[in-house]
Amino acid sequence: MPRSLLVFCALGAVALLALGGGMLLKNILPTQAETAAARQAASRNIAEQHKQFYANLDKLAQTRTAADVSTYIHAHIRKDPPLLAVALDWARDNSAGHQNLETINSFYFMLYTDLAYLAAQAFDLQGLRNEYIDLSKTAFASLLTFDLLAATDALRCEDKTVRELRTGLVKPRYALLDYVFDFMTAKEMHDLFITILRTESAMGLRGPNRELCAGGSEGKLALLEHPDTKREEIDVPDMPGTKRTVLIPPDDFKYEPKYITQDEWLEARGKMQNAVRDSWFQRQINYANRKAAELRGERSPEDSTYKADPAVETP
C-alpha cells in the first residue's frame, strides 16, 4: 500500500479517537454499508479535495513564507486530519524532492520533519510498527538536513543575529526524535550523517535563504517600524492551548536582507559543517550514556553534569 494511503487510513482512525463520534469516520472513509458506486464517488471526491489542497499549498508558497505555509497546513489538518498525508507529500516534494538549488528553502525540511513525526505517531497509535519506525527515521533525517542547512545558511547573512534562530528550532525537535537512535546501528547512523554532509556539500551553488536572513533583528526591526504591520495571535502547532503573537506584514512590505560574499561564505561554511558533524556524533554518545545510566537505575546525566545540547552550541 502506498505511504500516502497508509497515512490516510491511519489518520482516519486517529481522528476518530481524538475527536470522538462515529460520524467523523463516516465522513472521512466510505463505509461498507454503501454501494460500490457510492464508495467510488466518495473516493473521487476525497481525491479531488486532496488535489486541491496540494494545489493551494503550491500557490501559497509562491508568495508567502514557509512559516505561513506551515501555519496553513497545521490549521487545516487539525480540522481534517487525513490532509496530513497530502501535506506530507507536499513537504517531501519541496524539501528532499526539490531539484532547483536556486529556490530551495531549508525551512521546508523542518516542515517535513514535523509532518513525518506526526504521521509516525499516528502509525504508532495504530500498532503499525514498521511504518512508525520508517516515518520516525524520515523525520530524523530531515531534521539533520535542516540543522545543517540552517547552520550554514545563517552564516551567509550579514545580520549575525540570524545565527541565534537555529537554537530554538532544532533543540525541541531533537528532544522529540532522539529515540530514533534506538532504531539504527552505530554504522547506519554514521552513514546517515555522512550522506547528509555530502549532500549539503554538493549544494554550494544554492541561493541564499532570504526568509532565514530576514528573520534576524534587522528584519524584525524593519517590520516593526512599518506603520501597517499587524499583530495576530496564533496557535502554537506543537503546544495545544498555547498561542504566540506574530507580526503580519502589509502587502507592500519589502525587506531585502544583506549577504556576505560567496568566498566568505564558503570559507565559514566548511568550519560549520565540521562543527555540526561533531555535534551529531556527540549527541549519539550522549544518548547512549543516558540510556546506559537509566539501565543502571542511575539519575539521568542531564539532571546533573550532562553537557548542554551540542547541536546548538556550534559557532
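Residues numbered from 1 in each chain as written. Predicted model: local features only at pLDDT ≥ 70, side-chain atom pairs only at ≥ 80, totals over all residues. Heavy atoms only, no water.

1. Quick look at the nonpolar core
For soluble globular proteins, the rule of thumb is that nonpolar side chains tend to be buried together. Counting 66 residues, the largest nonpolar core has Ile-73, Leu-115, Phe-140 and Trp-280 as its most contacted members. Per element, the largest residue contribution to this core is 14 residues, and it comes from helix H7 (residues 129-154). Leave out the neighbours within four places in its chain, and Trp-280 touches Leu-144, Asp-147, Leu-148, Tyr-174, Phe-193, Ile-196 and Leu-197. (Core = buried A, V, L, I, M, F, W, Y, C linked by side-chain atoms within 4.5 Å. Buried < 20%, exposed > 50% of the residue type's maximum accessible area, 1.4 Å probe, protein only. Helix = DSSP H or I, 4+ residues; strand = E, 2+ residues; numbered from the N terminus. Contact = heavy atoms within 4.5 Å.)

2. Comments concerning helix H12 (residues 262-295)
Compared with an ideal rise of 1.5 Å per residue, which puts 34 residues at 50 Å, H12 spans 49 Å between its outermost C-alpha atoms and is within 8% of the ideal. In the segment just after H12, Gly-297 is the residue with positive phi, at about 75 degrees. (Expected span 1.5 Å × (residues − 1).)

3. Looking at the confidence of the model for the protein
Confidence in the prediction of the protein, expressed as mean pLDDT, is 80, and 76% of residues score 70 or more. Here residues 303-312 is modelled with pLDDT under 50, and outside its nearest four sequence neighbours on either side it reaches 20 contacts, counting other chains as well. (pLDDT = per-residue confidence, 0-100.)

4. Considering the layout of surface pockets
Each pocket or cavity is described by its volume, and for the second largest pocket that value is around 280 Å³. In this structure, the second largest pocket is lined by 16 residues; those nearest its centre are Ser-95, Ala-96, Phe-109, Thr-199 and Met-203. Elements represented by at least two residues in the lining of the second largest pocket include exactly helix H6 (107-125), H7 and helix H9 (186-201). Among the elements that make up the lining of the second largest pocket, the one with the highest residue count is H7 (four residues). Tallied by class, the residues present in the lining of the second largest pocket amount to eight nonpolar, eight polar and no charged. (1 Å grid on protein atoms, 1.4 Å probe; cavity = no way out; pocket = protein on both sides within 12 Å on 5 of 7 lines; lining within 4 Å. Points joined across faces, edges and corners; volume = space filled by probe spheres on them. Nonpolar A, V, L, I, M, F, W, Y, C, P; charged D, E, K, R; others polar.)

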